[in-house]
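Listed below are the residues making up each chain.
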Amino acid sequence: MPDPWVEIRFLEVANSLTGQKGIVKNFINGGANFCQSGVNLAPFLQAVARYIVDQRKALIMLLSARNIQKTYVTADGPFAVLRGVDLMLEAGETLALTGESGSGKSTLLHVIGGLDVVNTGTVMIDGADITAMDDAARAKMRRGVVGVIFQQFNLIPSLTVAANIAFQARLSGTFDAAWVAALVDRLGLGAQMAKYPEQLSGGQQQRVAIARTLAPRPRLVLADEPTGNLDEDTAASVMQVMRDLVAETGAGLLMVTHSTALASQLDRRVLLRAGQIA
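Residues numbered from 1 in each chain as written. Predicted model: local features only at pLDDT ≥ 70, side-chain atom pairs only at ≥ 80, totals over all residues. Heavy atoms only, no water.

Student: Give me the lowdown on the overall build of the chain, citing residues and values where you can.
Tutor: Counting its regular elements, the chain contains 10 helices and 10 strands. Out of the 278 residues belonging to the chain, those deemed buried represent 44%. Considering only contacts within the chain whose residues lie at least 6 apart along the sequence, 71% involve residues at least 24 apart. Accessible surface computed for the chain: about 14100 Å², of which carbon and sulfur atoms make up 53%. (Helix = DSSP H or I, 4+ residues; strand = E, 2+ residues; numbered from the N terminus. Buried < 20%, exposed > 50% of the residue type's maximum accessible area, 1.4 Å probe, protein only. Contact = heavy atoms within 4.5 Å. Areas by Shrake-Rupley, 256 points an atom, 1.4 Å probe, with all protein chains shown as cover.)

The following block contains the structure:
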């Protein structure tokens, strides 16, 4: 006779897999016959349990980048910038991506944000495979689901600060006046709203760019040295705003930085060296 505990555990596993792929259902059906015939199902159950854990983990991952490879063609021949990078980020998690200049940090950020395409690998964001999307679909995702804070400000010169901040949120249909007002207040931009980008300092323009990215409440924030043009106090305020977004909305934050102090404020730190996770 089969072990009663094994049989009960098997039924629990079978029930938990309802709706999974047909191949797993076939394993379950075959295993049920073995269970009735008295065969030890412990190894089978362990394998299925591992499958369940992996599937559930994949479902809760906000970002899953697998085997990312990116090569550029140069005058001297192919140059591999990313060489099989794997990176995971949970919803509500903050991650610092560190490494020397030229290690591939910005390229990886651009690939994850759909601004560049991979040669090999997949990038899943909130369950969607952006490596399978066309340019239009990736652009749509960047309007709301993914927010990118660039080293360059990329503000629209003909729009006021207020219009620049609201631009992306209005495009995505997620504009929330109260949330934007809170961002403006936290970033100290209240007195600048009627001005144009050319009337602002570099640090002020960076804060506007950050507010514009956070205004749609993106699920994933990608930040490339977001505080590089800010003084120490403003940088601390900006970091607090981004951490608040994560805490309040369950978003994820992936930030490229050379600053050990900033990296230490985040949940986790990953070192990229010569296009690979060290």
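Student: Which residues make up helix α7 (residues 177–186), and what values do they have?
Tutor: Along α7, the residues classified as buried are Trp179, Val180, Leu183 and Val184. The buried residues of α7 occupy one face: seen down the axis, they fall within an arc of 140°. Set apart from the buried face of α7 by more than 90 degrees, the exposed residues are Ala178 and Asp185. Between the side-chain oxygen at the start of α7 and the backbone nitrogen of Ala178 there is a gap of 3.0 Å, and the oxygen is on Asp176. Phi turns positive one or two residues past the end of α7, at Gly188, with a value near 65°. (Arc of directions from axis to C-beta. Polar contact = N/O pair within 3.5 Å; in protein donor to acceptor, adjacent residues only side chain to side chain.)

Student: Please set out the pairing of strand β4 (residues 120–125) residue by residue, giving values where relevant.
Tutor: On a regular strand, one side chain projects to one face of the sheet and the next to the other, so that they alternate. Here strand β1 (residues 61–74) pairs with β4 via 5 bridges, running antiparallel. From the neighbouring strand, Arg66 faces β4, where its bridge partner is Thr122. When β4 meets strand β5 (residues 128–129), the two strands line up antiparallel, connected through 2 bridges. From the neighbouring strand, Met124 faces β5, where its bridge partner is Asp129. Hairpin remark: β4 followed by β5, antiparallel, with 2 residues in the connecting loop; positive phi at Asp126, about 55°. (Pairing = 2+ DSSP bridges.)

Student: Quick one: what's the story with the pairing of β1, residue by residue and with numbers?
Tutor: By the bridge criterion, 11 bridges tie β1 to strand β2 (residues 77–90) in an arrangement that is antiparallel. Pairing of Ser64 across the sheet is with Met88, part of β2. In textbook terms, the turn of a hairpin is the stretch between consecutive antiparallel strands, and for β1 and β2 this stretch comprises 2 residues.

Student: Which residues make up the nonpolar core, and what are the values?
Tutor: If you look at the biggest cluster of nonpolar residues, it comprises 36 residues, and the most contacted ones within it are Ile165, Leu214, Met242, Leu253 and Met255. Counting only elements with at least two residues in this core, the list comes to α6 (161–172), α7, α8 (202–214), β7 (220–224), α9 (232–249), β8 (252–256) and α10 (260–263). Examining the composition of this core, we find that 7 residues originate from one element, α9, more than from any other. With sequence-adjacent residues up to four places away left out, Leu214 is seen in contact with Trp179, Leu183, Val221, Val241, Met242 and Leu245. Residues Leu87, Val111, Ile125 and Val256 belong to the second largest nonpolar core, which totals 29 residues. (Core = buried A, V, L, I, M, F, W, Y, C linked by side-chain atoms within 4.5 Å.)

Student: Explain the side chain of Ser103 residue by residue, including any values.
Tutor: Here Ser103 lies in the loop between β3 (94–98) and α4 (105–112). Using a relative accessible area of 5% as the deciding quantity, one classes Ser103 as buried. A polar contact of 2.7 Å, which involves the side chain of Ser103, links it to the backbone oxygen of Glu100. Side-chain polar atoms of Ser103 contact the backbone oxygen of Leu272, separated by 3.4 Å. Each residue touching Ser103, except ones within four places of it in the same chain, is listed here: Val81, Leu272, Arg273, Ala274 and Gly275.

Student: Break down the sheet that holds strand β10 (residues 276–277) for me, citing the residues and quoting the values.
Tutor: Strand pairing within a sheet occurs via backbone hydrogen bonds; the two strands may be parallel or antiparallel. Overall, mixed pairing links the 6 strands, which are arranged β6-β7-β8-β3-β9-β10 in an open sheet. With partners counted over all chains shown, the strands left at the sheet margins are β6 (146–149) and β10, one partner each. The pairing of strand β9 (residues 268–273) with β10 spans 2 bridges and is classified as antiparallel. By the bridge assignment, Arg273 is partnered in β10 with Gln276.

Student: I'd like to hear about the sheet that holds β2, residue by residue, with values.
Tutor: Spatial ordering of the open sheet is given by β2-β1-β4-β5, a layout of 4 strands whose pairing is antiparallel. Sheet topology places β2 and β5 at the edges, where each strand pairs with a single neighbour.

Student: Hey, could you go over the packing of aromatic side chains for me, with residue numbers and the actual values?
Tutor: Applying the stated criterion across every chain, the model contains 0 aromatic pairs. Geometry around Phe175 places Arg170 over its ring, the cationic atom sitting 3.9 Å from the centre. (Phe/Tyr/Trp six-rings, centres within 6.5 Å; stacked < 30°, edge-to-face > 60°. Lys NZ or Arg CZ within 6 Å of the ring centre and 35° of its normal.)

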